[in-house]
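Analysis of the macromolecular model
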Amino acid sequence: MNCIFCNIINRNSNAEILFEDDDIISFLDIRPVNFGHTLVIPKTHYENFLAVPDDILAKLIKTTKLLSVAIVKSLTPDGFNVITNNGTAAGQSVFHFHFHIIPSYDEDDFKFKLNLKNYLDSSMREYADKIRSEVNS
Ligand code: AMP
Ligand code: ZN
């Protein structure tokens, strides 16, 4: 398997590494939405959010907060987004799980605002019922 993020972990590819411990590594995104755009990834290769074991996910979240604090303090953005894309339809292009931390500024043209839909009639309840039926199953 040729994975660009595994190559970074193994030092077969270069990256601007910001943090590393036994389980997690964080580095700058090479094509940033804004400068300082950071990725936080597990050292073990998991394809997506659902594949990551809970204990590693907890560590990833904690590290994502640590890096977010560092970004806020060092770059003083007006805000930031923490996102994860899962599946090609959601924009995932590297299939080694990662959180993005994206600093944002009031004057940005990048805004995490989408074409929002309206639920029609009872469809909001129907969507909720479908999801609820799986939550505790
Ligand atoms: P996603 O589209 O959510 O899978 O995000 C993958 C991210 O990885 C993109 O934002 C890319 O710019 C970034 N990326 C790809 N290759 C590298 C690399 N060699 N070093 C740092 N970031 C990378
Ligand atoms: Zn990988």
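Refer to the structure presented above.
Residues numbered from 1 in each chain as written. Chains lettered and ligands numbered in written order. Predicted model: local features only at pLDDT ≥ 70, side-chain atom pairs only at ≥ 80, totals over all residues. Heavy atoms only, no water.

Our next topic: the coordination of the zinc ion (ligand 2). Surrounding the zinc ion (ligand 2) are the protein donor atoms Cys3 (SG), Cys6 (SG), His45 (ND1) and His96 (ND1), which sit 2.0 to 2.3 Å from the metal. Around the zinc ion (ligand 2) sit 4 donor atoms, and with donor-metal-donor angles ranging over 101 to 117° the site reads as tetrahedral. Taken in sequence order, the residues that donate to the zinc ion (ligand 2) follow the motif C-x2-C-x38-H-x50-H. On the basis of relative accessibility, which here comes to 6%, the residue Cys3 falls in the buried class. Cys6 sits in the buried class, given a relative accessible area of 15%. (Donors = N, O, S within 2.8 Å, 3.2 Å for Na, K, Ca; no water. Tetrahedral: all angles 85-135°; square planar, octahedral: opposite > 155°, others 65-115°. Buried < 20%, exposed > 50% of the residue type's maximum accessible area, 1.4 Å probe, protein only.)

Further remarks concern the pattern of salt bridges. Under the counting rule described, the total for this entry stands at 4 salt bridges. One salt bridge connects Lys59 with Asp23, and the closest N-O pair in it is separated by 2.7 Å. Of this pair, Lys59 sits in helix α2 (residues 54-75) while Asp23 sits in the loop between β1 (17-20) and β2 (24-28), and the two are 36 residues apart along the sequence. Note that Asp129 and Arg132 form a salt bridge whose closest N and O atoms lie 3.0 Å from each other. Of this pair, Asp129 and Arg132 both sit in helix α3 (residues 123-135), separated by 3 residues, roughly a single helical turn. When salt bridges with common partners are traced through the structure, they connect Arg11, Glu20 and Lys43 into a single cluster. (Salt bridge = Lys/Arg side-chain N within 4 Å of Asp/Glu carboxyl O. Helix = DSSP H or I, 4+ residues; strand = E, 2+ residues; numbered from the N terminus.)

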